[in-house]
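# Structure assessment
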Amino acid sequence: MPLTRRDFVRTLFVASQATLASRFLPNNLHADEPSGKSLNFAVIGDWGRKGRPDQMAVSTQMGVACQSAAASFVISLGDNFYEVGVTSPTDPQFDESYENVYTADSLKVPWYVILGNHDYCGNCDAQLDYAKTHSRWGMPARYFSQVHEIAPATKVEIFYIDTSPFILAYQHHALIAPNIATQNTAEQLRWLEKALAASTAQWKLVMGHHPAYSSGLAHGNQPEIIEHILPLLQKHKVQAYFAGHDHDLEYLKVGDLSLIVSGAGSENRPVKTPETSPFSRQISGFVMASVSADNLQIQFIDSTGKLLYTANSART
C-alpha cells in the first residue's frame, strides 16, 4: 500500500538515530542537567492540529534541530489541542496531535507544557492528569518553575506561567469563562513575584502563552500582560520572556529583556510591519534556545529547516 504523505513524513527519521538520555521529575521543581557548556532546548507554541502538513513539517525539522543540539527538553507554550482542548486524559487527541506526531528520538525528551486559551476551551485538568501517567508530558501544575544546572556556577531557572486567566476578554467567552473563573490571578502573581525574588539562578527565563508585545495581526499586543507580567519581569531582571498565541515568529527587546514569539507550530498568520522588532515573520516554525554561562542564543527555524534569524543576549 502506498505511503500517505503523513506516513512518509513520519518515516523521515530512521531507526539509527541515537536515543537521547533524559530524566523527568514531574513533581520536583529542581531538575539538574549534566554539567556542560550550554543548556539547549526547543520552544514551540500553538501546534495541536492532528498532524496537519505544517505541524508534521515543523515536527520533522524540530527533530533534526534537537538531535543536532542534543536538546535536553522541549517547551510547549500552549494551545496544545485545537480547537477546544481535550475532554479527558484518554482523549484521542493526545495520540493524534502529540504522540503520533513528535516521534523523532530527539523529541522523546521531557516536554514542559503550559496551557493556552484553546486548552481552556476544554478540560484543563485532563492535561494535568495526562502528565501523571505519561512521563514525557511535563505539566506538574498550571504554573511552576524548574532549575537547570549548566555549570557549577551557572544555573538557569525557567518559570512557567498560566496567562489565560489574566485576559479580560475571556471573561465573556462561552467556553473559556467558566474555566478561568476558577483561577486566582492575584495568587499566581504573588507566587511569580516571590519565586523570581527568591531565585539565585544566573539566568531567569519565563514562559507564557500570551505575548506582551506582538506584531501579529490576529492578536497583537496584550495589555493585561503588559500591565501585570511585564513589570515583574523587568523588576527581577528576567532575561527573556517566551510566548505564542500569535501564529508567527518574532524577536524584539524592551531594555535588557528579550521578547520571543514562537506560536507557529502548525499554522501561520500575517504580521504587520514591525516598528521596533528586528525580526518578525509569517511562517511556520519554532525556536531553538541555547544558554551558556554568558550568553543566551535564540534561533528561529522554519518548517523547511532554514535558519531565519539568530539573536544573542549577554547575561545581565
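Counted by the stated rule, this structure contains 23 aromatic pairs. On the numbers, 4.9 Å between centres and 15° between planes, the contact of Phe41 with Phe73 is stacked. Of this pair, Phe41 sits in strand S1 (residues 38–44) while Phe73 sits in strand S2 (residues 73–76), placing them 32 residues apart in sequence. The pair Phe41 / Phe73 is uniform in exposure class, with both members buried. Aromatic side chains Tyr102 and Trp111 sit 4.7 Å apart centroid to centroid with 55° between the ring planes, which places their arrangement in the tilted category. Overall, Tyr102 belongs to the buried group, its relative accessible area being 0%. Accessibility expressed as a relative area gives 0% for Trp111, which makes it buried.

Taken as a whole and judged by the stated rule, the model has ten salt bridges. The residue Arg49 makes a salt bridge to Glu267 at a minimum N-O spacing of 3.3 Å. Here the residue Arg49 occupies a position in the loop between S1 and helix H2 (53–69), and Glu267 occupies one in the loop between strand S10 (257–262) and strand S11 (279–281), the gap between them amounting to 218 residues. Per residue, the accessibility class of Arg49 equals that of Glu267, and both read buried. One salt bridge connects Glu99 with Arg136, and the closest N-O pair in it is separated by 3.1 Å. Here Glu99, found in helix H3 (residues 93–99), pairs with Arg136, found in the loop between helix H4 (124–133) and strand S4 (137–138); they are 37 residues apart in sequence, far enough to count as distant. Beyond isolated ion pairs, a larger network of salt bridges with shared partners links Arg49, Arg52, Glu83, Glu267 and Arg269.

Here we take up H2. The end-to-end C-alpha distance of H2, which contains 17 residues, comes to 24 Å, matching closely the 24 Å that a straight helix rising 1.5 Å per residue would cover. Listed as buried for H2 are Gln55, Met56, Val58, Ser59, Thr60, Gln61, Met62, Gly63, Ala65 and Cys66. Of the residues one or two after H2, Ala70 is the one with positive phi, at around 50°.

Turning our eyes to something else, we now look at the confidence of the model for the chain. For the chain, mean pLDDT is 90; residues scoring 70 or higher make up 89% of the total. Ignoring residues within four places in sequence, the model shows residues 1–35, a span with pLDDT below 50, making 64 contacts including any to other chains.

In this fold, Tyr102 is placed in the loop between H3 and strand S3 (111–113). Taking the C-alpha atoms as reference points, Tyr102 and Val58, separated by 44 residues in sequence, lie 9.5 Å from one another. Residues contacting Tyr102, with those up to four places away along its chain left out, are Ile44, Trp47, Gln55, Ser59, Met62, Ser97, Leu107, Trp111 and Arg136.

Cut-offs and rules
The residue numbering used here restarts from 1 in each chain and proceeds along that chain's sequence as written. Whole-chain, interface and lining totals are the exception, using all residues; otherwise, since this is a predicted model, local features are given only for residues with pLDDT of at least 70 and side-chain atom pairs are given and counted only at 80 or more. Only hydrogens and water are set aside; all other atoms, that is, all heavy atoms of the structure, feed into the side-chain values. Geometry of aromatic contacts follows a simple scheme: Phe, Tyr and Trp rings, the Trp one being its six-membered ring, pair when their centres are within 6.5 Å, and the pair is stacked under 30 degrees between planes, edge-to-face over 60, tilted otherwise. Helix numbers and strand numbers start at the N terminus; a helix is a DSSP run of H or I with at least 4 residues, a strand a run of E with at least 2. Relative accessible area decides the class of each residue, using a 1.4 Å probe on protein chains only: under 20% of the type maximum gives buried, over 50% gives exposed, and in between gives partly exposed. When a carboxyl oxygen of Asp or Glu is within 4 Å of a side-chain nitrogen of Lys or Arg, the pair counts as a salt bridge. Multiplying one less than the number of residues by 1.5 Å gives the expected span of a helix. Per-residue confidence from the predictor is given as pLDDT, running between 0 and 100. Contacts are assigned to residue pairs with any non-hydrogen atoms lying within 4.5 Å of each other.

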